[in-house]
Amino acid sequence: MRDLIARFVFGFTMLIAPLTLAQEPSAEPDLAAAEVYKDAAEERAAKFVGVSGPEAESVPGGALMLGDYAIVWVLLFLFLMRMRGLQRHTAEELERLSAEIRASGGS
Amino acid sequence: MSGARQSGSSTVWSLILFATLALFAVTLYTIFVVAPVEQKMGIVQKIFYFHVPSAYAMYIGFAVSAVGSAVYLLRRDPKWDALAVAGAEVGMLFCLIVLLTGPLWARKAWGVWWTWDPRLTTTLLAGMIFAAYLSLRSMGNAGEVEKRFAAGLALFGLVDLPLIHYSVQRWRGVHPTVITGKGGGLESEMYWALGLSFIAFTGLAVLLIWARASAERQREETARLRFELMHR
């Protein structure tokens, strides 16, 4: 009985194995063809995907550094200009006040 | 007596100005000639020598504003209010420098201009608090209520300063930590460049706060004179 079962299993395996192996290569070309077709269809789709990450483009470090130092000096200059404007405005206001005091007869 | 004090003050001012200018010249030489180019980031790393001291000067400005505000709330002396305004403006200037120079480095190092890293976010928050302070103070001639409310806002902004500083250590983030205990440190020439830059920026912050506070006191005095003249 055991011998019969062993022969049955062996025979079944020998029958199934070639069928299984035969199906595998036939499945691959079909899948690949479908992928190619799908990719082509996706490429034609109305969608643009931008590159991202540091490797995607070359970032000019020198230009960024120069821009950085320029920002510092420009902002400092603008601050000094603002202070100058404030002092000028205060001086004008003082002159107006002096003129008003003189006109009103004050000392 | 007052004239002599003004003359002495002017001399100190001039000394700090010349020392700061000389220090900036030496600092720039050290940054671009003595300090080596960083191995991985390249020349863009040299942004670091102005970016970090700017953040430090921002701390000085905002801290001065908060201290001036606190003393003003206690004593109601306009001199301290002028100091608070000056500190907030100078702090805001350096905050802008930090927030604009950081992204230029980040674009090269991280591949993005901005990320919601804890240190970046808390710095932006401080900038927004003091922008609110300055907006409140710029609405014409601020009255006593506006001044007191703004002083409270400056004290609220002070709470954010330790958060900025310790955010790198407390929370996960991508911001470098080279000058803290966790970092790998700097080469000796890099330390020199950074140290000199720190001193130069401290001098610059002191000069700007001093000049701005003086201008603010004069403006307040002029406004007071006009008010007295109108009600005479």
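Residues numbered from 1 in each chain as written. Chains lettered and ligands numbered in written order. Predicted model: local features only at pLDDT ≥ 70, side-chain atom pairs only at ≥ 80, totals over all residues.

**Section: the overall build of chain B**
Put simply, the test is: Helix and strand definitions here come from DSSP, where helices need a minimum of 4 consecutive H or I residues and strands a minimum of 2 consecutive E residues; each element is numbered from the N-terminal end. With C-beta atoms placed from the backbone, a residue is buried if 20 or more other C-beta atoms are within 10 Å of its own, exposed if 12 or fewer are, and partly exposed between those counts. Two residues qualify as being in contact provided that their C-beta atoms, derived from the backbone, are within 7 Å of each other.
Along its length, chain B carries 6 helices and 0 strands. By its C-alpha atoms, chain B is 70 × 40 × 25 Å across when sized along the principal axes. Looking at chain B residue by residue over its 232 residues, the buried ones come to 37%. Considering only contacts in chain B between residues 6 or more positions apart, those separated by 24 or more positions represent 78%.

**Some remarks on the interface of chain A and chain B**
Threshold: Basically, the charged four are Asp, Glu, Lys and Arg, the nonpolar ten are Ala, Val, Leu, Ile, Met, Phe, Trp, Tyr, Cys and Pro, and anything else, Gly included, counts as polar.
Counting from both sides, the interface comprises 23 residues of chain A and, opposite them, 25 residues of chain B. A per-class count over the side of chain A that touches chain B returns 14 nonpolar, 6 polar and 3 charged.

**Re unusual backbone geometry**
The backbone phi angle of Arg76(B) is positive, close to 60 degrees, even though this residue is not glycine. Considering the arrangement of structural elements, one finds Arg76(B) in the loop between helix 2 (48-75) and helix 3 (78-109).

**Description of the confidence of the model for chain B**
Just so we agree on the cut-off: One number per residue, pLDDT, summarises how confident the predictor is, and it ranges from 0 to 100.
When pLDDT is averaged across chain B, the result is 88; 95% of the residues are at 70 or more. Both scores are available for the predicted complex, with the pTM at 0.77 and the ipTM at 0.86.

**A look at the packing of helix 3 of chain B against helix 6 (residues 188-230) of chain B**
Residue and element names in this part refer to chain B. Note the following rule: A fitted line through C-alpha atoms represents every axis, and for helices the fit uses only the stretch in contact; the resulting angles, taken between N-to-C directions, go from 0 to 180 degrees. Relative orientations are named as follows: roughly parallel for angles under 35 degrees, roughly antiparallel for angles over 145 degrees, roughly perpendicular for angles from 65 to 115 degrees, and oblique for any other angle. In this scheme the crossing of two helices becomes right-handed for a clockwise turn of the near helix relative to the far one and left-handed for an anticlockwise turn of less than a right angle.
In the contact formed by helix 3 and helix 6, the axes pass within 8 Å of each other and the chain directions differ by 135 degrees. Classified by the angle between their axes, helix 3 and helix 6 sit oblique to one another. Of the two possible hands of crossing, helix 3 and helix 6 adopt the one that is right-handed. Residues Pro78, Lys79, Ala82, Leu83, Val85, Ala86, Gly87, Glu89, Val90 and Phe94 of helix 3 touch helix 6, and the partners they reach there are Ala205, Leu208, Ile209, Arg212, Ala213, Glu216, Arg217 and Glu220.

**Overview of the nonpolar core**
Spelled out, the test is: Any set of buried Ala, Val, Leu, Ile, Met, Phe, Trp, Tyr and Cys residues joined through C-beta atoms within 7 Å is what this text calls a nonpolar core.
Among the nonpolar cores identified, the biggest contains 56 residues, and Ala84(B), Phe94(B), Ala154(B) and Ala205(B) are the most heavily contacted of them. At the level of elements, helix 2 (61-103) of chain A together with helix 2, helix 3, helix 4 (118-137), helix 5 (144-170) and helix 6 of chain B are the ones that each hand at least two residues to this core. Top element by residues in this core is helix 3 of chain B. It accounts for 18 residues.

**Considerations on the packing of helix 2 of chain B against helix 3 of chain B**
All names here are of chain B. Packing of helix 2 against helix 3 brings their axes to within 7 Å, and their N-to-C directions diverge by 155 degrees. As summarised for this structure, helix 2 and helix 3 are arranged roughly antiparallel, according to the angle between their axes. Two packed elements cross with a definite hand, and for helix 2 against helix 3 that hand is left-handed. Grouping the amino acids of the contact of helix 2 with helix 3 by side-chain chemistry returns 18 nonpolar, 10 polar and 2 charged.

**Notes on helix 2 of chain B**
Along an α-helix, residues three or four positions apart point the same way, because every turn accommodates 3.6 residues. What counts here: A helix is expected to reach a length of 1.5 Å times the quantity of its residues less one.
Taking 1.5 Å per residue as the helical rise, helix 2 of chain B with its 28 residues ought to reach 40 Å, and the 40 Å between its terminal C-alpha atoms agrees with that figure. Within two residues after helix 2 of chain B, Arg76(B) carries a phi angle of roughly 60 degrees, on the positive side.

**Some words on helix 3 of chain B**
Residue and element names in this part refer to chain B. Taking 1.5 Å of rise per residue, 32 residues should cover 46 Å, and helix 3 covers 46 Å from first to last C-alpha, within 8% of that figure. Among the 32 residues that make up helix 3, 25 are buried, leaving the element largely enclosed by the rest of the structure. Following helix 3 by one or two positions, Gly111 has its phi on the positive side, about 85 degrees.

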